[in-house]
Amino acid sequence: MTLIDIFNDRYEHLGTADKEVAHRQGLWHRTFSALAVNPSRQSVLLQKKARGRYAFDRPDYADITVGGHYHAGEDIPDGIREVHEELGLPVAYSDLHPIGIRQTAVTLAVDYCEREFQHWHLLPLQVELEEIPMADDEVAGLVEADLDAALALAAGDEDSVPARYASRTDSGVLYREDVLSRSELVPNYLALDQLYLRLFLAARRFVQGEREHLFW
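Residues numbered from 1 in each chain as written. Predicted model: local features only at pLDDT ≥ 70, side-chain atom pairs only at ≥ 80, totals over all residues. Heavy atoms only, no water.

K.L.:
Help me understand the overall build of the protein in this model?
P.N.:
When helices and strands are counted, the protein shows five helices and 11 strands. For a compact globule of 216 residues, the expected C-alpha radius of gyration is about 17 Å, and the protein comes in at 17 Å, within 12% of that figure. When the backbone C-alpha atoms are referred to their principal axes, the protein occupies close to 45 × 45 × 35 Å. Counting every position in the protein, which comprises 216 residues, the buried fraction comes to 51%. A separation of at least 24 residues holds for 60% of the contacts in the protein among residues at least 6 apart in sequence. Looking at the protein as shown, the accessible area adds up to about 10,300 Å², and 48% of this sits on carbon and sulfur atoms. Between the averaged position of the 21 positive side-chain charges in the protein and that of its 37 negative side-chain charges there is a distance of 3 Å. (Helix = DSSP H or I, 4+ residues; strand = E, 2+ residues; numbered from the N terminus. Rg over C-alpha atoms; globule rule 2.2 N^0.38 Å. Buried < 20%, exposed > 50% of the residue type's maximum accessible area, 1.4 Å probe, protein only. Contact = heavy atoms within 4.5 Å. Areas by Shrake-Rupley, 256 points an atom, 1.4 Å probe, with all protein chains shown as cover. Lys, Arg positive; Asp, Glu negative; His and termini not counted. Charge placed at Lys NZ, Arg CZ, Asp CG, Glu CD.)

K.L.:
Can you walk me through empty space enclosed by the protein in this structure?
P.N.:
Rolled over the atoms, a probe with the dimensions of a water molecule shows which regions are left empty. Evaluated as defined, the whole model comprises one cavity of 30 Å³ or more. Approximately 80 Å³ is the volume found for the largest cavity. The set of elements that each furnish at least two residues to the lining of the largest cavity consists of β3 (28–38) and β4 (43–49). Of the residues belonging to the lining of the largest cavity, the class tally is eight nonpolar, two polar and two charged. (1 Å grid on protein atoms, 1.4 Å probe; cavity = no way out; pocket = protein on both sides within 12 Å on 5 of 7 lines; lining within 4 Å. Points joined across faces, edges and corners; volume = space filled by probe spheres on them. Nonpolar A, V, L, I, M, F, W, Y, C, P; charged D, E, K, R; others polar.)

K.L.:
Help me understand the pattern of salt bridges in this model?
P.N.:
Two side chains that carry opposite charge are able to pair once their charged atoms sit near each other. Under the criterion given, the structure shown has 17 salt bridges. Across the salt bridge formed by arginine 30 and aspartate 5, the nearest N and O atoms sit 3.5 Å from each other. Pair noted here: arginine 30 is in strand β3 and aspartate 5 is in strand β1 (residues 3–7), with a separation of 25 residues, a long-range link. In this pair, the class of arginine 30 matches that of aspartate 5, namely buried. (Salt bridge = Lys/Arg side-chain N within 4 Å of Asp/Glu carboxyl O.)

K.L.:
Could you clarify how one ought to interpret the side chain of glutamate 144 in this entry?
P.N.:
Turning to its location among the elements, glutamate 144 is positioned in strand β9 (residues 139–146). We classify glutamate 144 as buried; its relative accessible area is 9%. A distance of 3.0 Å separates polar atoms of two side chains, one belonging to glutamate 144 and the other to arginine 41. A distance of 2.7 Å separates the side chain of glutamate 144 from the side chain of serine 43, its partner in a polar contact. In this structure glutamate 144 touches Arg41, Ser43, Val44, Leu45, Leu129, Ala163 and Arg164, once residues within four positions along its chain are discounted. (Polar contact = N/O pair within 3.5 Å; in protein donor to acceptor, adjacent residues only side chain to side chain.)

K.L.:
Mind showing me how you'd approach helix α5 (residues 195–207) here?
P.N.:
Spacing of three or four residues puts side chains on the same side of an α-helix, whose turn is 3.6 residues. Given a rise of 1.5 Å per residue, 13 residues ought to cover 18 Å, and the 18 Å separating the end C-alpha atoms of α5 matches this to within 8%. Taken together, the buried positions of α5 are Leu195, Tyr196, Leu197, Leu199, Phe200, Ala202, Ala203, Phe206 and Val207. A positive backbone phi angle near 110° is found at glycine 209, which sits one or two residues after α5. (Expected span 1.5 Å × (residues − 1).)

K.L.:
Is there a simple way to think about the nonpolar core in this case?
P.N.:
If you look at soluble globular proteins, the nonpolar side chains tend to sit buried side by side. Counting residues in each nonpolar core, the largest one holds 37 residues, and the members touching the most others are Leu35, Leu180, Tyr196 and Phe200. Tallying contributions element by element places α5 first for this core, with nine residues. Leave out the neighbours within four places in its chain, and leucine 35 touches Val44, Leu45, Leu46, Ile64, Thr65, His121, Leu122, Leu123, Leu199, Phe200 and Ala203. Counting 20 residues, the second largest nonpolar core, distinct from the first, contains Leu45, Ile80, Leu96 and Met134. (Core = buried A, V, L, I, M, F, W, Y, C linked by side-chain atoms within 4.5 Å.)

What follows is the structure in structure tokens.
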């Protein structure tokens with residue numbers, strides 16, 4: 001059982017509940033999310049999650065770099081725990097750039113409803129793909145793509161773009177050059193508020209030197 005804080009739709013704290021119960025009943029809760037961007041390479045990093053991490057069958061999407069639930073009683077900076085757990089990198093919360101809160105509600109399966117206050121961040125990473133340990137076995141791999149190419153993909157201007165993959169295998173991590181297709185992106189993040197596009201635009205402003213009001 002993982003206890004998380006529960007809120008109403010005005011982000012007022014109501015108490016705690018088990019995470020699985022919160023999703024089954026559609027209770028409002030908080031999550032931490034971060035998009036990793038390499039300012040010198042002008043690239044972004046997406047995560048491939050291992051199968052079986054959800055209560056429902058989910059395709060092998062290229063998801064946002066890091067994301068997870070706040071535990072009950074945690075403060076916003078405590079979300080950096082997710083970076084340590086998933087990527088295995090010694091990053092401090094002060095290294096991140098908060099870019100706003102996304103309040104979203106979507107039913108993903110019959111018994112799985114996400115009603116979340118998502119705290120979003122840009123995570124600057126000046127490291128090579130080979131230097132990222134992928135510490136948690138929930139991370140099946142990482143995908144690095146040029147930022148402008150990722151923007152074109154999210155905008156629908158391209159169906160696929162060149163990308164570099166790090167994929168976990170039984171014998172270790174396999175690195176390869178390949179392509180990232182639009183069909184590999186989470187459909188819900190391409191629709192409605194166009195989450196990928198908005199995050200990639202914020203990342204481009206960041207690599208261009210902007211540091212104030214990077215809200216998306």
